[in-house]
Amino acid sequence: MTHITASAPCSMHDPFVKSPSQRDPFKTAQKQLDEAAAIMKLDPAAHELLRWPLRELHVTLPVRMDNGSTRIFHGFRVQHNDSRGPNKGGIRFHPDETIDTVRALATWMTWKTALLDIPLGGGKGGVICDPKTMSDAELERLSRAYIRQVGRILGPDKDIPAPDVYTTPRIMAWMADEYSFMQGNNEFGVITGKPLALGGSAGRGDATARGGIYCVREAAAEIGMNLAGAETAIQGYGNAGSSAHKLAVELLCMKVIAVSDSKGGIYNPDGLDYKAVHAHKQKTGSVTGFSEATAITNEGLLELDVAVLFPAALESVITETNAANIRAKIIAELANGPTTPEADTILYNKGTHIIPDLLCNAGGVTVSWFEMVQNAYGYYWEKEEVHARLEKKMKTAFRSMYETAGKYHVHNRLAAYIVAVSRVAEAMKLRGWF
Ligand code: GLU
């Protein structure tokens, strides 16, 4: 029997109002821009234009559930700015998704692509849902329903999504397939982060973490820190966090003493073995309960006395309430927006070296761009070539941020903004937008 459920668990909060417990990341994004604009003396029209997304699409999706009922989901696709090239950015499936989160994330993508000097703009998508409670078949129907609605504003030359929080290469494959049906031909270049067999790129899987690791190496060299044997903690154990665990050990010889996920964290001062923790997470669905470690909270993990802290989960976890207690020398932001502007000031004054999200997690979109290029070309690179090209891009972007920080006497995030905003403003000026 088929029936309609009007208020379903996955759409319990009003999608247009942010939940009261959350900070508004879009206000954070606007505030960060305002600060950079003041220093750069940005043209007021360009500034106002960049404070808002150029376009956004709100969609309502009826999805048939396994029990025969129809559940209604809400989703978004936001295109912040495409002056430098087509919009680019992931799609998140998360129960706390809001339009304001997606707006912030789309805005950050504009700065990220500009900072890395990639010929793309900024976009982001989101669906309010809890994928952990859904079957594979339900997730597939939701993914296809989303593309049927949002597909009209996507395209390899318009807007190219990718994976993000709780979306995977499997989901990208369904989405590429649905879009290809809508077009009447294979359009694998419409989405990145696809499985290798469907036009994915070698090296895309761990690209976000790898890019961050290259940045940590640059930052450590700048401040004279020896990374071999140095301790690190990682908050979040999704694609970015778990790959960071592996690569911090393999590429930097660091000792990972704590990791966590949404259920809690684990701690072992002698170091956590990547393979063993990964296998435990695969088996139980969480890092918690790992036998060779003691329990630690997510909050406790952030305050550990480590050389490098990787926030690799969600936004707004380092705030004015805990910033003073953060003891890490380097914060490598693999998550988007983990540090609030208030916390930024506190940490800057304490001398903490932040590698801002715009740079630190840009390895993902950089290899996504490589994937688009390979899709257009119909020719695929070896993993080693992808790694070498990524390393070059990350180092160049790190240098331009670092030099700008020195020139303007500002912290790294503000410097990254100044580089990115000036590139976007230049493109808009040349196009005659202001
Ligand atoms: N979702 C990732 C990010 O926030 C990757 C985006 C992409 O590859 O387009 O950067």
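Keep in mind the model is a prediction, meaning the values are calculated, not measured. (Residues numbered from 1 in each chain as written. Predicted model: local features only at pLDDT ≥ 70, side-chain atom pairs only at ≥ 80, totals over all residues. Heavy atoms only, no water.)

Peer 1: Account for the overall build of the chain, with residues named and values stated.
Peer 2: Within the chain, the regular secondary structure consists of 14 helices and 14 strands. Over its C-alpha trace the chain gives a radius of gyration of 21 Å, about what one expects of a compact globule, namely 22 Å for 434 residues. Dimensions along the principal axes, computed over C-alpha positions, put the chain at roughly 65 × 60 × 45 Å. For the chain, with 434 residues in total, the buried portion stands at 59%. Across the chain, contacts joining residues at least 24 apart in sequence account for 71% of those joining residues at least 6 apart. Accessible surface for the chain amounts to roughly 17300 Å². Of this, 53% is attributable to carbon and sulfur atoms. (Helix = DSSP H or I, 4+ residues; strand = E, 2+ residues; numbered from the N terminus. Rg over C-alpha atoms; globule rule 2.2 N^0.38 Å. Buried < 20%, exposed > 50% of the residue type's maximum accessible area, 1.4 Å probe, protein only. Contact = heavy atoms within 4.5 Å. Areas by Shrake-Rupley, 256 points an atom, 1.4 Å probe, with all protein chains shown as cover.)

Peer 1: Can you tell me about unusual backbone geometry, naming the residues and giving the values?
Peer 2: Here Cys253, not a glycine, exhibits a phi torsion of approximately 60 degrees, which is positive. Structurally, Cys253 is set in the loop between α7 (239–252) and β9 (255–261). Accessibility expressed as a relative area gives 48% for Cys253, which makes it partly exposed. The backbone phi angle of His409 is positive, close to 55 degrees, even though this residue is not glycine. Mapped onto the fold, His409 is located in the loop between α13 (383–408) and α14 (412–431).

Peer 1: Give me the lowdown on the site of the ligand, citing residues and values where you can.
Peer 2: Taken together, 14 residues form the shell around the ligand, and within it Lys88, Lys112, Lys124, Asp164 and Ser368 come nearest. Lys112 places a polar side-chain atom, nitrogen or oxygen, 2.7 Å from an oxygen atom of the ligand. Between the ligand and the protein, one listed contact pairs an oxygen atom with a side-chain N or O atom of Arg204 at 3.1 Å. When the free accessible area of the ligand is taken as 290 Å², the share hidden by the protein chains comes to 95%. Looking at the shell around the ligand residue by residue, the class counts come to four nonpolar, five polar and five charged. (Near = heavy atom within 4 Å. Polar contact = N/O pair within 3.5 Å; in protein donor to acceptor, adjacent residues only side chain to side chain. Nonpolar A, V, L, I, M, F, W, Y, C, P; charged D, E, K, R; others polar.)

Peer 1: Pulling in residues and values, what's your account of the layout of surface pockets?
Peer 2: Counted as a void, the second largest pocket has a volume near 190 Å³. The wall of the second largest pocket is formed by 13 residues, among which Tyr348, Thr352, His353, His411 and Asn412 lie closest to the centre. Looking at the lining of the second largest pocket, the elements that each hand over two or more residues are α10 (341–350), β14 (353–355), α13 and α14. No other element matches α13, which puts three residues into the lining of the second largest pocket. (1 Å grid on protein atoms, 1.4 Å probe; cavity = no way out; pocket = protein on both sides within 12 Å on 5 of 7 lines; lining within 4 Å. Points joined across faces, edges and corners; volume = space filled by probe spheres on them.)

Peer 1: Outline the packing of aromatic side chains, supporting the account with residue identities and numerical values.
Peer 2: Per the stated rule, a full pass over the model turns up six aromatic pairs. Aromatic ring contacts, followed pair by pair, group Trp369, Phe370 and Trp381 into a single cluster. Between the NZ or CZ atom of Arg389 and the centre of the ring of Trp381, over which it lies, the distance is 4.2 Å. (Phe/Tyr/Trp six-rings, centres within 6.5 Å; stacked < 30°, edge-to-face > 60°. Lys NZ or Arg CZ within 6 Å of the ring centre and 35° of its normal.)

Peer 1: Before we move on, can you summarise the side chain of Thr113 with the specific residues and values?
Peer 2: Relative to the assigned elements, Thr113 resides in helix α3 (residues 99–115). Excluding residues within four positions of it along the chain, Thr113 makes contact with Arg84, Ile118, Leu120, Gly121 and Val365.

Peer 1: Explain the packing of helix α1 (residues 25–40) against α3 residue by residue, including any values.
Peer 2: Interhelical geometry of α1 versus α3 gives an angle of 35 degrees and a closest axis separation of 7 Å. Residue-level contacts link Pro25, Phe26, Thr28, Ala29, Gln32 and Leu33 of α1 to Asp100, Thr101, Arg103, Ala104, Thr107, Trp108 and Trp111 of α3. For the contact of α1 with α3, the residue count by class is seven nonpolar, four polar and two charged. (Axes fitted to C-alpha atoms, helices over the stretch in contact; angles between N-to-C directions.)

Peer 1: Any details on the pattern of salt bridges? Residues and values, ideally.
Peer 2: For the structure shown, the criterion picks out 30 salt bridges. The residue Glu178 makes a salt bridge to Arg144 at a minimum N-O spacing of 2.9 Å. Highlighted residues: Glu178 in helix α5 (residues 169–183) and Arg144 in helix α4 (residues 136–150), separated in sequence by 34 residues. Assessed through its relative accessible area of 11%, Glu178 is described here as buried. Note that Glu231 and Lys255 form a salt bridge whose closest N and O atoms lie 3.9 Å from each other. Remark: Lys255 occurs in strand β9 and Glu231 occurs in strand β8 (residues 231–235); sequence separation between them is 24 residues. (Salt bridge = Lys/Arg side-chain N within 4 Å of Asp/Glu carboxyl O.)

Peer 1: Outline α4, listing residues and values.
Peer 2: Given a rise of 1.5 Å per residue, 15 residues ought to cover 21 Å, and the 21 Å separating the end C-alpha atoms of α4 matches this to within 8%. Those residues of α4 that sit buried are Glu138, Leu139, Leu142, Ser143, Arg144, Ala145, Tyr146, Ile147 and Val150. At its buried positions, α4 is contacted by β2 (55–64), β3 (70–81), β5 (91–94), β6 (122–128) and α5. (Expected span 1.5 Å × (residues − 1).)

Peer 1: Which residues make up helix α6 (residues 207–223), and what values do they have?
Peer 2: Across its 17 residues, α6 extends 25 Å between first and last C-alpha, which sits within 8% of the 24 Å expected from 1.5 Å per residue. Within α6, 13 of the 17 residues are buried, leaving the element largely enclosed by the surrounding structure. Backbone geometry just after α6 places Gly224 at a positive phi near 70 degrees.

Peer 1: I'd love a proper account of the confidence of the model for the chain, names of residues and values included.
Peer 2: When pLDDT is averaged along the chain, the result is 94, and 95% of the positions lie at 70 or above. In this model, residues 1–12 is a region of pLDDT below 50 whose contacts with residues beyond four sequence positions or in other chains number 22 contacts. Predicted confidence is poor over residues 14–21, with pLDDT under 50, and the contacts of this stretch with residues over four places away or in other chains come to 13 contacts. (pLDDT = per-residue confidence, 0-100.)

Peer 1: Break down the side chain of Asp344 for me, citing the residues and quoting the values.
Peer 2: Following the sequence through the fold, Asp344 ends up in helix α10. According to the relative accessible area criterion, Asp344 is buried, its value standing at 5%. Reaching out from Asp344, the side chain makes a polar contact with the side chain of Arg413 at a distance of 2.6 Å. Once residues lying within four places of it in the same chain are set aside, the contact partners of Asp344 are Thr339, Ile354, His411 and Arg413.

Peer 1: Please set out the pairing of strand β12 (residues 308–311) residue by residue, giving values where relevant.
Peer 2: On β12, burial covers both faces: Val308 and Phe310 on one face and Leu309 and Pro311 on the other are all buried. Relative to β12, β8 runs parallel, the two sharing four bridges. Residue pairing across strands places Gln235 opposite Pro311, the latter belonging to β12. Pairing geometry for β12 and strand β13 (residues 330–332), over two bridges, is parallel. (Pairing = 2+ DSSP bridges.)

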